[in-house]
Amino acid sequence: EFKWGARYAAYFHEDDTMYTFLAIVESSKCKIKLNETKTVAGMKLVRPKVIEIGQRRQFFRTSLALETPVPIQMHKTDRENPMRTPITALRCEALLLDGSGGGIGVRVDGKKPGQFKLYDHFFVSFELPTSPRPFLFLVELRQVREIRGGESVKLGLNILDWPDARQVERNLQPFTQHLNEV
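Treat the numbers as computed from the prediction; the structure is a model and nothing was measured. Each residue is numbered by its place in its chain's sequence as written, counting from 1. Residues qualify for local features only when their pLDDT is at least 70, as the model is predicted, and side-chain atom pairs are given and counted only at 80 or more; totals for whole chains, interfaces and linings, by contrast, use all residues. Here the side-chain values reflect all heavy atoms present in the structure, with hydrogen atoms and water set aside.

A.B. asks: Can you help me understand the overall build of the protein chain in this one?
C.D. replies: When helices and strands are tallied, the protein chain shows 1 helix and 11 strands. In the protein chain, the succession of α and β elements from N to C terminus is β-β-β-β-β-β-β-β-β-β-β-α. Radius of gyration: over C-alpha atoms. The globule rule applied is 2.2 Å multiplied by the number of residues raised to the 0.38 power. Over its C-alpha atoms the protein chain spans a radius of gyration of 20 Å, topping by over 25% the 16 Å that the globule rule assigns to 182 residues. With the C-alpha coordinates of the protein chain rotated into their principal frame, the extents come out at 55 × 40 × 35 Å. Whether a residue is buried, partly exposed or exposed follows from its accessible area with a 1.4 Å probe, protein chains only, as a fraction of its type maximum: under 20%, in between, or over 50%, in that order. Going through the 182 residues of the protein chain one by one, you find that 36% of them count as buried. Only heavy atoms enter the contact rule, under which two residues are in contact if any of them lie within 4.5 Å. Excluding contacts between residues fewer than 6 apart, the proportion of contacts in the protein chain whose partners are at least 24 apart in sequence is 51%. A run of DSSP states H or I qualifies as a helix once it reaches four residues; a run of E qualifies as a strand once it reaches two. Both are numbered from the N-terminal end.

A.B. asks: What should I look at first to understand unusual backbone geometry in this one?
C.D. replies: Negative phi is the rule for most residues except glycine; trans is the rule for most peptide bonds. Looking along the chain, the bond that leaves Trp 162 and enters Pro 163 is cis, with omega of 0 degrees. Looking at the secondary structure, you find Pro 163 in the loop between β11 (152-159) and α1 (165-181). Phi is positive for Tyr 119, which is not a glycine, with a value near 75 degrees. If you trace the backbone, Tyr 119 turns up in the loop between β8 (103-109) and β9 (121-126). One non-glycine residue with positive phi stands out, namely Arg 148, at about 55 degrees. Note on placement: Arg 148 falls in the loop between β10 (135-147) and β11.

A.B. asks: I tried to follow the environment of Ala 23 on my own but got confused; where do I start?
C.D. replies: Assignment of secondary structure puts Ala 23 in strand β2 (residues 17-33). Sequence spacing of Ala 23 and Val 46 is 23 residues, and the spatial spacing of their C-alpha atoms is 6.8 Å. Dropping the residues within four chain positions of it, Ala 23 is found in contact with Ala 6, Arg 7, Tyr 8, Ala 10 and Leu 45.

A.B. asks: Even after reading the chapter, I still don't get a nonpolar patch on the surface, so can you show me in this structure?
C.D. replies: Patch membership needs two things, relative accessible area over 30% and no salt bridge, and members are linked within 9 Å if like-charged or within 5 Å if nonpolar (Val, Leu, Ile, Met, Phe, Trp, Tyr). Accessible surface area values rest on a Shrake-Rupley calculation with a 1.4 Å probe, where residue burial reflects the displayed protein chains alone. Salt bridges are identified by distance alone: a Lys or Arg side-chain nitrogen within 4 Å of an Asp or Glu carboxyl oxygen. A contiguous nonpolar patch, built from Phe 2, Tyr 8, Met 43 and Leu 45 and spanning about 320 Å² of accessible area, is present on the exposed surface. Its place among the elements puts Phe 2 in the segment before β1 (7-14).

A.B. asks: Hey, could you run me through the packing of aromatic side chains in this one?
C.D. replies: Two measures describe an aromatic ring pair: the distance that separates the ring centres and the angle between the ring planes. Pairing of aromatic side chains requires ring centres within 6.5 Å, counting the rings of Phe and Tyr and the six-membered ring of Trp. Pairs whose planes differ by under 30 degrees are stacked, by over 60 edge-to-face, and all others tilted. The tally for this structure, following the rule as stated, stands at 8 aromatic pairs. Where Phe 116 meets Phe 122, the ring centres are 6.3 Å apart and the plane angle is 45 degrees; that geometry is what we call tilted. Each member of the pair Phe 116 and Phe 122 is classed as buried. Geometrically, the ring pair formed by Phe 126 and Phe 137 is tilted, given 6.3 Å between the ring centres and 40 degrees between the ring planes. A residue pair is termed long-range when its members are at least 10 positions apart, and Phe 126 in strand β9 and Phe 137 in strand β10 qualify at 11 residues.

A.B. asks: Before we go on, may I ask you to explain α1 in this structure?
C.D. replies: Because the α-helix completes a turn every 3.6 residues, residues three or four places apart line up on one side. Here α1 is 17 residues long and its end C-alpha atoms lie 24 Å apart, about the 24 Å a rise of 1.5 Å per residue gives. In the structure, α1 departs most strongly from a straight axis at Leu 172, where the bend amounts to approximately 35 degrees and where the proline Pro 174 lies between one and four residues downstream. Those residues of α1 that are buried lie in contact with β5 (62-63), β7 (91-99), β8, β9, β10 and β11. Each polar contact in these results corresponds to two N or O atoms within 3.5 Å; when the atoms are within protein, one needs to be able to donate a hydrogen and the other to accept it, and residues that are neighboring in sequence are counted only if both atoms are side-chain atoms. For α1, the N-terminal capping position is held by Asp 164, with its side-chain oxygen 3.1 Å away from the main-chain nitrogen of Arg 166. A helix is expected to span 1.5 Å for every residue after the first. The seven residues ending at a residue and the seven starting there each receive a fitted axis; the angle between those axes is the bend at that residue.

Encoded structure:
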């Protein structure tokens, strides 16, 4: 329940830009008239003093577009059992565009958005110049967007806790260290 005086980080989009502000609840039980026939329960917020450009991610995303391109191997896998992957499953090569402690953005050339389905799982593997060994992550597809005039797609991939959270954390450490140095 949202109580009077509670503070939350709030976000909104306008013209492809994410904005953030501190939202303070002024009233948690208001009726909001959506149109002439529909009224819904809502809340009233104190007018924010500052609105900033921000991002709605748990981790800050670092662009890697200006670095030497990092190729990524992608292999679609079974959602229920990642170790059970059909031999005919989609395989493709991508380029690493950005990354964070929670996911990566990649560009796949020569593919169309319809060839990818939200929430599909993939194994991704790649090497960074600073890493002692290749990275291997199980990821879930969260965003598909056509880019470069339809020549490519950008995929937003969320890193999953596989085989377990401790192992992923250990694997992420050198990756996030690299991102902090960029």
